Amino acid sequence: MMLPVRLLCFVYIFITTASAQSSDSLLLLSGSSLTGPITGSSEATSPTGSYASYSSTITASTTSISDGVTVVGTGTVNVTSYISLSSQIILQGSSTTNATNATQTIISPQPTNKTPCNNYPEFCSRQYSNITEVSAHNSPFVIPNNVASNQHWPVTTQLDDGIRLLQAQMHFVNGTPHFCHTSCSLLDAGPITTWLTQVYEWVATHPYDVVTLILENGDYAPVTNYVPFIESTGLTKYTYIPPKIPMSLEDWPTLETMILTGKRVVLFMDYNANQVAVPWILDEFSQLWETPFDQTDRTFPCTPQRPPNLSPEQAKSRMYMTNHNLNYEINLLGNAILVPYIPYLKFTNNITGPGSLGGNVENCTREWGFPPRFLDVDFYDVGNGSVFEVAARANGVVYNRTCCGAVKSWGERERRPGSFTWQVGAAMLVALLMML
């Protein structure tokens, strides 16, 4: 007979915890090995919908500078505005001052920026499209003991640790959009407004950071259906509206420009975005392509999957994201489930080695001439900062931060892969069977 999804989740937890009591244990199913595909099939095909294409770019109407931004200082100003804050920020290239006396012209030294933008001072003068950042795959899916969870830490901890792209899938529940993993009966992380409000609060208190969101339209609903819910969180105060549609690789502003104008949230939607109607929700695939979705192949081919039929010239003219999260399919009593391959995480998130994130970025860079814009990973904390080290190397900077979050949850223990013991998994299974 066919088992309910929730029962399968409990059975999966028992199997994985009994076989791999820590992230150092290696679980091999169906004779799979460290190279090549885990299985030959997936429980679900890649999401698909309509893809926008443009024969020419659309120039957006000019927008005004946000409230709270004023022009200060004297001399030659190379940016149009400064954020009025209690402590002044000096961004590289912001101003120079000339002084002339009777015998010579004195040019004062260019200020050197020491305030980090997205954790690095070097990023301030770089274009948004010229920085590699780590992305939390299915960021809100941190439900304890749920097979469909993809992260250990809540969103504010993710951002504190250095995550700068947050991605998740939405489905409507009784007229309200929730973050759900494929099906809300499998994992329901609650209304999107709760999570987006947390993002808003973090952005509001971190004025030198630019955050990107990819909201997946799981129901392929009109974009306007989501607008009132997103607006209610206050996040639109910071959402970036591009000057043209679509934006090519060279069109994006620098981080310092986005910071100085207060527009520090880039919000993409994968399907049914309409930038003419809602200019602050950007169409993802006309401006950012992705490598294959729900990977079971540890070689992680760096080929465009969405949007389909993208020419090499088109691929090289826009940003791209590598989906570097490994899955495998388990079959229980005729039911197939695609789940994160937790025992391989230390290899998948590694800096070097077969199937590693570092190796994937090197391959992508060789193939396309520049590294991915985003590295979409599961359980980013596994590897103690290895995913951030990979991004730093791609950016030519030094990663010296502490990783990762130390909050306690899921009871009184820290969220760590494989921290369940065999006895806990067995007890859960026995209790479940007694209920049947």
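What counts as what
- Throughout this document, residue positions are counted from 1 along each chain, in the order its sequence is written.
- Only residues with pLDDT of at least 70 get local features here, since the model is predicted, and only at 80 or more are side-chain atom pairs given and counted; chain-wide, interface and lining totals rely on the full set of residues.
- Where side-chain values are given, they derive from all heavy atoms of the structure, hydrogens and water being excluded.
- Helix numbers and strand numbers start at the N terminus; a helix is a DSSP run of H or I with at least 4 residues, a strand a run of E with at least 2.
- Burial classification: accessible surface area is computed with a 1.4 Å probe over protein chains only, and a residue below 20% of its type maximum counts as buried, one above 50% as exposed, and the rest as partly exposed.
- Note on contacts: a residue pair is in contact if any heavy atoms of the two residues lie within 4.5 Å.
- For accessible areas, the Shrake-Rupley method is used with a probe of radius 1.4 Å. Any residue's cover is judged against the shown protein chains and nothing else.
- Interaxial angles span 0 to 180 degrees and are taken between N-to-C directions of axes, which are lines fitted to C-alpha atoms, for helices over the stretch in contact.
- Oblique is the label for any angle not covered by the other classes, which are roughly parallel (under 35 degrees), roughly antiparallel (over 145) and roughly perpendicular (65 to 115).
- Each crossing gets its hand from how the near helix is turned against the far one by less than a right angle, where anticlockwise is left-handed and clockwise is right-handed.
- A pair of sulfur atoms, both from cysteines and within 2.5 Å, is called a disulfide here.
- When the centres of two rings from Phe, Tyr and Trp lie within 6.5 Å, Trp using its six-membered ring, the rings pair. Their planes under 30 degrees apart give stacked, over 60 give edge-to-face, and anything left gives tilted.
- The patches described consist of residues with a relative accessible area above 30% and no salt bridge, like charges being joined within 9 Å and nonpolar side chains (Val, Leu, Ile, Met, Phe, Trp, Tyr) within 5 Å.
- By definition, a salt bridge exists where a carboxyl oxygen of Asp or Glu is found within 4 Å of a side-chain nitrogen of Lys or Arg.
- For the purposes of these results, a polar contact is taken to be a pair of N or O atoms within 3.5 Å, where, inside protein, one atom must be able to donate a hydrogen and its partner to accept one; residues adjacent in sequence count only when each atom of the pair is a side-chain atom.

**Section: the overall build of the chain**
1) Next: Scanning the chain from terminus to terminus reveals 10 helices and 22 strands.
2) Next: Within the span of the chain, comprising 436 residues, buried residues form 51% of the whole.
3) Next: The long-range fraction of contacts in the chain, counting pairs at least 24 apart against all pairs at least 6 apart in sequence, stands at 71%.
4) Next: A total of about 18,900 Å² of accessible surface is found on the chain, and carbon and sulfur atoms cover 55% of it.

**What about the packing of helix H8 (residues 357-368) against helix H9 (residues 386-395)?**
1) Next: Taken N-terminus to C-terminus, the directions of H8 and H9 make an angle of 25°; their axes are 9 Å apart at the nearest point. Classed by the angle they form, the pair H8 and H9 counts as roughly parallel. In the crossing of H8 with H9, the sense of the turn from one axis to the other is right-handed. Contact residues: Leu357, Gly358 and Val361 in H8; Val387, Val390 and Ala394 in H9.

**Focus on the state of the cysteines**
1) Next: Going through the model one piece at a time under the given rule, you end up with 4 disulfides.
2) Next: Across a sulfur-sulfur distance of 2.0 Å, Cys302 and Cys364 are joined as a disulfide pair. On the sign convention where negative means left-handed, the S-S torsion of about 115° between Cys302 and Cys364 marks this disulfide as right-handed. Pair noted here: Cys302 is in the loop between strand S16 (288-290) and helix H6 (312-315) and Cys364 is in helix H8, with a separation of 62 residues, a long-range link. One exposure class covers both Cys302 and Cys364, and it is buried.
3) Next: With its disulfide-bonded cysteines labelled consecutively along the sequence, the chain is connected as 1-2, 3-4, 5-6, 7-8.

**A look at the packing of aromatic side chains**
1) Next: This structure, assessed with the given rule, holds 19 aromatic pairs.
2) Next: Ring centres of Tyr51 and Phe285 lie 5.6 Å apart, and the angle between their planes is 55°; on these two criteria the pair is classed as tilted. Separated by 234 residues along the polypeptide, Tyr51 in the loop between helix H1 (5-19) and strand S1 (58-59) and Phe285 in the loop between strand S15 (282-283) and S16 bring together distant segments of the chain.
3) Next: A relative accessible area of 2% means that Phe285 is categorised as buried.
4) Next: Ring centres 4.2 Å apart and planes at 50° place the aromatic pair Tyr328 and Tyr341 in the tilted group. In this pair, Tyr328 sits in strand S18 (residues 327-332) while Tyr341 sits in the loop between strand S19 (335-340) and helix H7 (345-348), placing the two residues 13 residues apart along the sequence. For the pair shown, Tyr328 and Tyr341 are each scored as buried.
5) Next: What links up through ring pairs into an aromatic cluster is the set Tyr51, Tyr220, Tyr271 and Phe285.

**A look at H9**
1) Next: Burial analysis of H9 places 8 of its 10 residues in the buried class, the great majority of the element.
2) Next: Three or more residues of H9 are buried, namely Ser386, Val387, Phe388, Glu389, Val390, Ala391, Ala392 and Asn395.
3) Next: Here the buried face of H9 lies against strand S8 (133-136), helix H2 (155-161), H8 and strand S20 (374-377).
4) Next: One or two residues past the end of H9 sits Gly396, with phi positive at roughly 75°.

**What about a nonpolar patch on the surface?**
1) Next: Where nonpolar side chains cluster on the molecular surface, the patch consists of Tyr54, Ile58 and Val276 and spans about 260 Å² of accessible area.
2) Next: As for its position among the elements, Ile58 is in strand S1.

**A short note on the side chain of His171**
1) Next: Position of His171 among the secondary structure elements: in strand S9 (residues 165-173).
2) Next: Classification of His171 as buried rests on a relative accessible area of 11%.
3) Next: Within the structure, His171 has its side chain in polar contact with the side chain of Gln169 (distance 2.6 Å).

**Considerations on unusual backbone geometry**
1) Next: Backbone torsion omega between Ile245 and Pro246 reads -10°, so that peptide bond is classified as cis.
2) Next: Tracing the sequence through the fold places Pro246 in the loop between strand S13 (244-245) and helix H5 (255-261).
3) Next: Cis rather than trans, the peptide bond between Cys403 and Cys404 has omega equal to 5°.
4) Next: Summarising the element assignment, Cys404 is placed in the loop between H9 and strand S21 (408-409).
5) Next: In this structure, Asn118 is a non-glycine residue whose phi angle is positive, near 50°.
6) Next: Relative to the elements of secondary structure, Asn118 occurs in the loop between strand S7 (105-107) and S8.
7) Next: In this structure Asn118 comes out as buried when scored by relative accessible area, which is 2%.
8) Next: Non-glycine residue Phe300 carries a positive phi angle of around 45°.
9) Next: Among the secondary structure elements, Phe300 is positioned in the loop between S16 and H6.
10) Next: Residue class for Phe300 comes out buried when judged on its relative accessible area of 4%.

Treat this as a map of the structure, not an account of what it does.
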